Amino acid sequence: MQFTLKYTGRGDTSSTASKQTKKVEVPHNFNPYQTIVENQTTLDEKAPTQSALALVDPDRISGKVLGVEQGIIDETDLLDYDGTGLVKNLKPVNFEYKVKWANISGDVNNPYWVISGIDCFKDGVQFYNIY
């Protein structure tokens, strides 16, 4: 199942996120939420008997910006990706999002729908997350 959401309100026009029109290749073992492994060398104060490093999966790529690693965006341009959020930069935008849902329960009588993908477009041109 999918639906299209069109947003034509105000947005931060200083953000360069919608200019990322080259898709990042995301390897199977990438974890965008896991911390930088090298920074996890001391004990966690909340769990002094367990090293924070023990909670990190060393087989996962973590603490990396894939867009930078793959040469899609320069590290110096990362701040511009999110924009400044200043009111003076809030101007009319024309975004469209195609939200895809999948029933992961496998049972049509007891569906369990989750978002399985979001395709993003600005003025009809698709853009991608840099992870």
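The structure reproduced in this document is the subject of the present report. Predicted model, so just to flag it, every value in this text is computed and none were measured.

Examining the sheet that holds strand β6 (residues 95–103)
Argument step 1. Spatially, the 4 strands line up as an open sheet ordered β1-β6-β7-β8, and their pairing is antiparallel. Two strands close off the open sheet at either side, each with one partner strand: β1 (2–7) and β8 (125–127). Going across the sheet, the axis of each strand differs from the next one's by a mean of 30°, ignoring polarity.
Argument step 2. Across 9 bridges, β6 lies against strand β7 (residues 113–122) in antiparallel orientation. Considered in β7, the bridge of V99 is made with I118.

Let's talk about a negative patch on the surface
Argument step 1. Together, E69, D74, E75, D77 and D80 make up a negatively charged patch on the protein surface.
Argument step 2. In this structure, D74 sits in the loop between α1 (66–69) and α2 (78–82).

A short note on the packing of aromatic side chains
Argument step 1. In the structure shown here, the tally under the stated rule is 3 aromatic pairs.
Argument step 2. Between F3 and W101, the ring centres sit 6.5 Å apart and the planes meet at 25°, which makes this aromatic pair stacked. With F3 in strand β1 and W101 in strand β6, this residue pair connects regions lying 98 residues apart in the sequence.

Points about the pattern of salt bridges
Argument step 1. Inspection of the entire model under this criterion finds 2 salt bridges.
Argument step 2. Put simply, K6 and E96 hold a salt bridge, and the shortest N to O gap is 3.9 Å. One end of the pair, K6, is in strand β1; the other, E96, is in strand β6, with 90 residues separating them in the sequence.
Argument step 3. Judged by relative accessible area, which is 62%, K6 ranks as exposed.
Argument step 4. Close ionic contact of K100 with D119 constitutes a salt bridge, the shortest N to O distance being 2.9 Å. Placement of K100 in strand β6 and of D119 in strand β7 is noted, with a sequence separation of 19 residues between them.
Argument step 5. In this structure K100 comes out as partly exposed when scored by relative accessible area, which is 29%.

What counts, and at which threshold
The residue numbering used here restarts from 1 in each chain and proceeds along that chain's sequence as written. It should be noted that, the model being predicted, local features are given only for residues of pLDDT at least 70 and side-chain atom pairs only at 80 or more, the latter also being counted only at that level, while totals for whole chains, interfaces and linings use all residues. In computing side-chain values, all of the structure's heavy atoms are included and hydrogens and water are not. The rule for pairing is simple: two strands pair if DSSP sees at least two bridges between them. Strands here are runs of E lasting at least two residues and helices are runs of H or I lasting at least four, both read from the DSSP assignment and numbered beginning at the N terminus. A fitted line through C-alpha atoms represents every axis, and for helices the fit uses only the stretch in contact; the resulting angles, taken between N-to-C directions, go from 0 to 180 degrees. Like charges within 9 Å and nonpolar side chains (Val, Leu, Ile, Met, Phe, Trp, Tyr) within 5 Å are joined into patches, using only residues over 30% in relative accessible area that form no salt bridge. All accessible-area figures derive from a Shrake-Rupley calculation using a 1.4 Å probe, and residue coverage is judged against the displayed protein chains alone. One speaks of a salt bridge when a side-chain nitrogen belonging to Lys or Arg is within 4 Å of a carboxyl oxygen belonging to Asp or Glu. Positive charges are assigned to Lys and Arg, negative charges to Asp and Glu, while His and the chain termini are left out of the count. Note on charges: their place is set at NZ of Lys, CZ of Arg, CG of Asp or CD of Glu. For this analysis, a ring pair means two rings from Phe, Tyr or Trp (six-membered ring only for Trp) whose centres lie within 6.5 Å, classed as stacked if their planes differ by under 30 degrees, edge-to-face if by over 60, and tilted for the remaining angles. Three labels apply to residues, based on accessible area from a 1.4 Å probe with only protein chains included: buried if under 20% of the type maximum, exposed if over 50%, partly exposed otherwise in between.

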